[in-house]
Amino acid sequence: MISNKLRPALILLLLSLLADWFSIPMLYGLQYHFSSVFIILALYLVGGRAAILISALVAWSNYFLLEMPLFNSGIVIVEAVVLAAVARVRKGSVFLFDLCFWFAAGMGTLIGWYLFTGTAFHGDVMLHVFGYSVNGAGNALAAEIVLTYLPILPWSFVQRQYKPIPLQQILIHLAISGLVFPFICFMIVTGISQNHMINLRAHQMAESTSNTIKEQLKSWGAMEYRALELQDIIQLGKLDAMVDHSAFPSARVVVSNDNGDILADSSGAAEPKWDWRTGGTIYQYDDSLYLWLPAERQFIEPSVWREAFYLYESTVDGGTGIRISVKIPVSLLLADAEGIYTLDFVLILLYILLVLSTANGISRFIVHFLVKLTHETTGLPDKMNAHFDISVQNSHIMEFDKLHENFRQMALKLKAMFAEAVHMNAVLKEQADQIKQSEIRFQQLAFTDALTNIPNRLYFHSCLKELLEQPHAYGALLFMDLNQFKRINDTHGHEAGDALLQHAALLLTQAAGEGTVCRLGGDEFVIILPAAGSQEIERTAAHILERFKEPLAYQGLLLQPRTSIGIARFPSDADRPEELLNLADQAMYRAKQRGSGIEWHRDPDREREGRT
């Protein structure tokens, strides 16, 4: 007999271990474990002692190998011992016994938490208790269904488990499995989707905050960065104000240098160094976003996530050595989801109790009614997705009609839960899309000159750098400003000067053709002409001078724009953005001094004459 049970015991042990190694994550800190399914099967197939031994090995693996919290590891032993003791004293439904066990274990956990901490129950404690109760009840139901309906294995001890199935038990299995299993699958799928949406939301929130600070830092000059490097009090105060203004509630924004010295901290913590990597386990989602989990174990798994946080890191361009870190508590993003998940678990437990209390009142005279009910509830989850409702029938028996109505109400409730969860996911997706659109709009504003509505200096540097990095790239850079612009500003006012700048931007855009027109600031403009030969460059420059003959009528005045153009070509003149811009600027000043209108850094005609 012992050798006859050794092989199935080893198989059930292996399945129990694998079930927890491949548990399915739902929401953060909550996973669906299947090990108790095989422990319960071992209890009824190979005996209580073997089941307790298997549960002890599973608990050891969970605690020492999978590093689960104490509750998650030890509860499997407690469950096996309690069910083994109950099974020796009284025969009955393993699902009902296990449901009572989880009710007692859940209440004991809640009361123990209150007595130990003296505080009200946290959201993670409630979520853990009700989530594991649904997990345990679902596993017990699955084990009971296997024991009841699948006595097909060739082993003799399995065949002895087979006995006629009570009709009432069939009804209970049908009612609860049609509710519990689709609900568990739905919660698993929704949890995975929620995790992805929370990761995306954390990345978007942190990236938006970091980009806001970066854009403000771009307006600083070399002297301001030098003062910041020397940790000037006034400059540090400006940085602190910038960080405090950019940080959103509950988040922490830290600006540090290459040595890890904290330059600004939105939390106000008096820490000289910024080192968030110690004391925990770090998971990297992408180049910038990390998840930090505390290394110490908690009593329950969701409590770990109360201290967890996302960390987004980015550096400021330009070789400043400044690093921006945005720390977002995971609890900030999980607050709403925890409450909804807890409510869902409570409702499903209440529905299970409702089904049990109703089904126990059904008598043997329900065969005909059960056939109709079975026909209607087959494939119930798919039917609910197709907006199916259980029809109302009058059986002339009050208990039957009440049971039928209970099924109908449960179907409606579950459909409402599905609809609510789908709506919540849709809202989160819409919020994520809005954040993405806001970031796109912010980027557009960052690269556009507010006065002339053409690309600004930031876009110019980015565009020219990208162009010069391309292999075999050639073309020209045209640098120009408005002659006597200061006199027009002083004589007719800044509004007239702004109008003249807008007029000049329009003329340049019309004359540039395929070129890119940018305003560097003040009255300085540049045009990037990619893949342009000497003749095309000359035509464009001449076209610009021709268009600048068009005066601007402004408040009864005729403002005549004039410009001087300096031309530098790449890569023959220079292949670096700064050098190319400097050469074009020098050529422009020579054109202004000579009054020639157009001046090349190196005249292509002279180059050809020299070669001939």
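Residues numbered from 1 in each chain as written. Predicted model: local features only at pLDDT ≥ 70, side-chain atom pairs only at ≥ 80, totals over all residues. Heavy atoms only, no water.

Now for the overall build of the protein chain. In terms of regular secondary structure, the protein chain is built from 21 helices and 15 strands. Within the protein chain, the fraction of its 612 residues that count as buried is 47%. In the structure as shown, the protein chain presents an accessible area of about 31500 Å², 59% of it carried by carbon and sulfur atoms. (Helix = DSSP H or I, 4+ residues; strand = E, 2+ residues; numbered from the N terminus. Buried < 20%, exposed > 50% of the residue type's maximum accessible area, 1.4 Å probe, protein only. Areas by Shrake-Rupley, 256 points an atom, 1.4 Å probe, with all protein chains shown as cover.)

With that settled, the discussion passes to the pairing of strand β8 (residues 323-329). With 5 bridges connecting them, strand β3 (residues 252-256) and β8 associate as antiparallel partners. Residue pairing in the sheet places Val 255 in a bridge with Ile 324 of β8. Looking at chain direction, strand β7 (residues 309-315) and β8 are connected through 7 bridges and run antiparallel. Residue Leu 311 lies in a different strand from β8, and its bridge partner there is Lys 327. (Pairing = 2+ DSSP bridges.)

Within the secondary structure, Ser 36 is located in helix α2 (residues 35-45). Among the polar contacts listed, one links the side chain of Ser 36 to the side chain of Asn 139, at a separation of 2.7 Å. (Polar contact = N/O pair within 3.5 Å; in protein donor to acceptor, adjacent residues only side chain to side chain.)

For the rest of this paragraph, the subject is the pattern of salt bridges. Considering all chains together, one arrives at 13 salt bridges under this definition. For Lys 218, the salt bridge identified is with Glu 215, shortest N-O distance 3.3 Å. Relative accessible area serves as the criterion here: at 42%, Lys 218 is assigned to the partly exposed category. Relative accessible area serves as the criterion here: at 26%, Glu 215 is assigned to the partly exposed category. (Salt bridge = Lys/Arg side-chain N within 4 Å of Asp/Glu carboxyl O.)

With respect to the helices and strands, the residue Ala 105 is situated in helix α5 (residues 94-117). Owing to a relative accessible area of 15%, Ala 105 belongs among the buried residues under this scheme.

Relative to the assigned elements, Ser 23 resides in the loop between α1 (2-21) and β1 (24-25). For Ser 23, the residues in contact, after removing those within four places along its chain, are Gln 31, Tyr 32 and His 33. (Contact = heavy atoms within 4.5 Å.)

With that out of the way, let us pick up helix α9 (residues 222-229). Three or more residues of α9 are buried, namely Tyr 225, Ala 227 and Leu 228. Buried residues in α9, looked at end-on, bunch into an arc of 160°, giving them a common side. Relative to its buried face, α9 has exposed residues pointing more than 90 degrees away, namely Ala 222, Met 223 and Glu 229. (Arc of directions from axis to C-beta.)

This part is about the packing of α9 against helix α10 (residues 233-246). Running from N to C, α9 and α10 point in directions that differ by 100°, and their axes come no closer than 8 Å. When the axis of α9 is compared with that of α10, the two are roughly perpendicular. On α10, the residues touching Glu 224, Ala 227 and Leu 228 of α9 are Gln 235, Leu 236, Lys 238 and Leu 239. (Axes fitted to C-alpha atoms, helices over the stretch in contact; angles between N-to-C directions. Parallel < 35°, antiparallel > 145°, perpendicular 65-115°, else oblique.)

This part is about the state of the cysteines. Per the stated rule, a full pass over the model turns up 0 disulfides. Left without a disulfide partner, Cys 518 is nearest to the cysteine sulfur of Cys 463, which lies 6.4 Å away. (Disulfide = S-S within 2.5 Å.)

Turning next to the environment of Leu 468. By the element assignment, Leu 468 lies in helix α16 (residues 457-468). As for Leu 468 and Pro 571, which are separated by 103 residues in sequence, their C-alpha atoms are 8.1 Å apart. Leave out the neighbours within four places in its chain, and Leu 468 touches Phe 570, Asp 575, Arg 576 and Pro 577.

It is worth spelling out empty space enclosed by the protein at this point. Overall, the coordinates contain 3 cavities of 30 Å³ or more when judged by the stated rule. In this structure, the largest cavity spans a volume of roughly 120 Å³. When contributions to the lining of the largest cavity are tallied by element, the ones reaching two or more residues are α2, α4 (70-89) and α6 (123-149). Split into classes, the residues belonging to the lining of the largest cavity amount to 6 nonpolar, 8 polar and 2 charged. Reported here for the second largest cavity is a volume of approximately 40 Å³. Taken together, Phe 71, Trp 102, Ala 105, Gly 106, Thr 109, His 128, Val 129, Tyr 132 and Ser 133 make up the lining of the second largest cavity. Mapped onto the lining of the second largest cavity, the elements with two or more residues apiece are α5 and α6. When grouped by side-chain class, the residues that make up the lining of the second largest cavity number 5 nonpolar, 4 polar and no charged. (1 Å grid on protein atoms, 1.4 Å probe; cavity = no way out; pocket = protein on both sides within 12 Å on 5 of 7 lines; lining within 4 Å. Points joined across faces, edges and corners; volume = space filled by probe spheres on them. Nonpolar A, V, L, I, M, F, W, Y, C, P; charged D, E, K, R; others polar.)

This part takes up the sheet that holds strand β14 (residues 563-570). Pairing in this open sheet of 5 strands is mixed, and the strands run β10-β11-β9-β14-β15 from one edge to the other. The open sheet has two edge strands, β10 (516-521) and β15 (598-600), and neither has a second partner. The sheet shows a mean angle of 20° between the axes of neighbouring strands, taken without regard to direction. Taken together, the 5 bridges between β10 and strand β11 (residues 524-530) define a ladder with antiparallel strand orientation. Across the sheet, Thr 516 pairs through a bridge with Ile 528, a residue of β11.

The next thing to look at is the confidence of the model for the protein chain. When the pLDDT values of the protein chain are averaged, the result is 80; 83% of them are 70 or greater. Predicted confidence is poor over residues 608-612, with pLDDT under 50, and the contacts of this stretch with residues over four places away or in other chains come to 0 contacts. (pLDDT = per-residue confidence, 0-100.)

Now for the layout of surface pockets. Approximately 1200 Å³ is the volume attributed to the largest pocket. Lining the largest pocket are 35 residues, with Glu 215, Lys 218, Asp 317, Phe 447 and Leu 458 positioned closest to its centre. At the level of elements, α8 (167-217), β7, α15 (398-446), α16 and α20 (577-594) are the ones that each hand at least two residues to the lining of the largest pocket. In terms of residue count, α15 provides more of the lining of the largest pocket than any other element does, 9 residues in total. Across the lining of the largest pocket, the residue classes break down as 13 nonpolar, 12 polar and 10 charged.

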